[in-house]
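# Summary of structural features
Take a look at the letters that make up each chain.
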Amino acid sequence: MNTKDMAYISIFSIFIALCSWISIPTTIPFTLQTFGVFITCLVLGGKKGTLSILLYILLGCIGIPVFANFSSGFGVLLGSTGGYIIGFLATGLIMWFFERYSSKPWVVWLSMILGLIACYAIGTVWFMVVYAKNTGAIGLMSVLGWCVFPFIIPDFIKIVLAKVLANRLEKVVKR
């Protein structure tokens, strides 16, 4: 990995942080983080994109306020929304996996959709465990109603916008 790659990884982890700061507070904050994750992996590629996501998470863990609502610390990952942040890493890994086999447009779209599903799954299970530990048992449909259903359409819009913007940025950012 060269200096240019490390610079792009750093810049895009900061981009994800900027996207996380654009937030509408709800049970699970509505942010542009998924947009940042998708565009990062699309522009940098799966490997460097995943490293950028990992750097973003590590920056938050050491206390730099990169998470939603300018939060930080390992406690955020252990909180009810921490699973969604870990899910971003799964999204990057899935996109990287698919990228290794094909760059056909339908494969790229599929990788983003499966990455989003993985993020939802990890985050939802994590939310249920933390919520049950702190408050009491909660049903899956309740959690999906709070944490997934309201985000499906906005997240698909973010996927489309990320793909359109990434197509333009790929001409400027050379992998």
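Attention in this report is confined to the structure presented alongside it. From a predicted model like this one, the values you see are computed outputs, not experimental measurements. (Residues numbered from 1 in each chain as written. Predicted model: local features only at pLDDT ≥ 70, side-chain atom pairs only at ≥ 80, totals over all residues. Heavy atoms only, no water.)

Once that is clear, we can look at the packing of aromatic side chains. Applying the stated criterion across every chain, the model contains ten aromatic pairs. Measuring from centroid to centroid gives 6.1 Å for Phe127 and Trp146, while their planes differ by 80 degrees, and the two rings are edge-to-face. In this pair, Phe127 is assigned in helix H6 (residues 105–134) and Trp146 in helix H7 (residues 140–147), connecting sequence segments 19 residues apart. Clustering of aromatic rings is evident, with ring pairs tying together Phe12, Phe15 and Phe35. The ring centre of Phe30 lies 4.8 Å from the NZ or CZ of Lys158, which sits over that ring. (Phe/Tyr/Trp six-rings, centres within 6.5 Å; stacked < 30°, edge-to-face > 60°. Helix = DSSP H or I, 4+ residues; strand = E, 2+ residues; numbered from the N terminus. Lys NZ or Arg CZ within 6 Å of the ring centre and 35° of its normal.)

Turning next to helix H1 (residues 3–21). The terminal C-alpha atoms of H1, which comprises 19 residues, lie 27 Å apart, in line with the 27 Å expected from a rise of 1.5 Å per residue. By the burial criterion, the buried members of H1 are Asp5, Ile9, Phe12, Ser13, Ile16, Ala17, Cys19 and Ser20. Projection of H1 onto a plane perpendicular to its axis shows the buried side chains occupying an angular sector of 160 degrees, all on one side. The inward-facing, buried residues of H1 abut strand E1 (23–24), strand E2 (30–31), helix H2 (33–44) and helix H3 (46–61). The N-cap residue of H1 is Asn2: its side-chain oxygen and the backbone nitrogen of Lys4 are 3.1 Å apart. (Expected span 1.5 Å × (residues − 1). Buried < 20%, exposed > 50% of the residue type's maximum accessible area, 1.4 Å probe, protein only. Arc of directions from axis to C-beta. Contact = heavy atoms within 4.5 Å. Polar contact = N/O pair within 3.5 Å; in protein donor to acceptor, adjacent residues only side chain to side chain.)

So far we have only geometry, and geometry alone does not tell us how the molecule works.
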